[in-house]
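Chain and residue survey
Chain residues, written in single-letter form:
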Amino acid sequence: YAAPTGISTFWIMGNACATSTNPKHVSAVFKRNYSVRGIPMFLRHFLKLLGENSIILATGKDWTSKRVTFTRSLTPNILKNMHPAIVKVCERCAEDVRRHS
């Protein structure tokens, strides 16, 4: 269930997750470099949540390189071909949630 803003937060196997159904949110992440490296209080949290190789934590040329790679990997044809696998993963996740609820 997503909030009216389109954002949904949840936990999967002890890991915090967030999703958005709003294309503007996704676009904002990939069009800008939201580095939190200058904020030590949040850095440890974001590193644990997003990982050292996160596009969100990347800066400079590293961010540009990751964005190019990510953009190339999400062409309409690739997403169309991934659809059956995405559906299976979602169904498996939903079943796990039902089983553990």
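Residues numbered from 1 in each chain as written. Predicted model: local features only at pLDDT ≥ 70, side-chain atom pairs only at ≥ 80, totals over all residues. Heavy atoms only, no water.

**As for the overall build of the protein**
Convention followed: Helix and strand labels come from DSSP, where a helix needs a run of H or I of at least four residues and a strand needs a run of E of at least two; each type is numbered from the N terminus. Relative accessible area decides the class of each residue, using a 1.4 Å probe on protein chains only: under 20% of the type maximum gives buried, over 50% gives exposed, and in between gives partly exposed.
Check the secondary structure of the protein and you find 4 helices and 2 strands. Listing the helices and strands of the protein from first to last along the sequence gives β-β-α-α-α-α. Evaluated residue by residue, the protein yields a buried proportion of 10% over its 101 residues.

**With respect to the pattern of salt bridges**
Put simply, the rule reads: One side-chain nitrogen of Lys or Arg within 4 Å of one carboxyl oxygen of Asp or Glu is enough to make a salt bridge.
For the coordinates displayed, the defined rule picks out 3 salt bridges. Residue Lys66 pairs with Asp62 through a salt bridge whose shortest N-O separation is 3.3 Å. Note that Lys66 and Asp62 are positioned in helix 3 (residues 60–72) at a spacing of 4 residues, about one turn of the helix. Overall, the relative accessible area of 38% leaves Asp62 in the partly exposed class. One salt bridge in this structure joins Glu95 and Arg98, with 3.4 Å as the shortest N-O distance. One end of the pair is Glu95 and the other is Arg98, both in helix 4 (residues 76–100) and 3 residues apart, which spans about a single turn. On the basis of relative accessibility, which here comes to 36%, the residue Glu95 falls in the partly exposed class.

**Concerning a nonpolar patch on the surface**
So the rule is basically this: A patch is a set of surface residues, each over 30% in relative accessible area and not in a salt bridge, joined within 9 Å for like charges and within 5 Å for the nonpolar side chains Val, Leu, Ile, Met, Phe, Trp and Tyr. In these tables, accessible area is a Shrake-Rupley quantity obtained with a 1.4 Å probe, and a residue counts as shielded only by the protein chains included in the view.
Judged by side-chain polarity, Phe70, Leu74, Ile78, Leu79, Met82 and Ile86 come together as a nonpolar surface patch covering roughly 440 Å² of accessible area. A per-element tally of the nonpolar patch places helix 4 first, with 4 residues. Mapped onto the elements, Phe70 comes out in helix 3.

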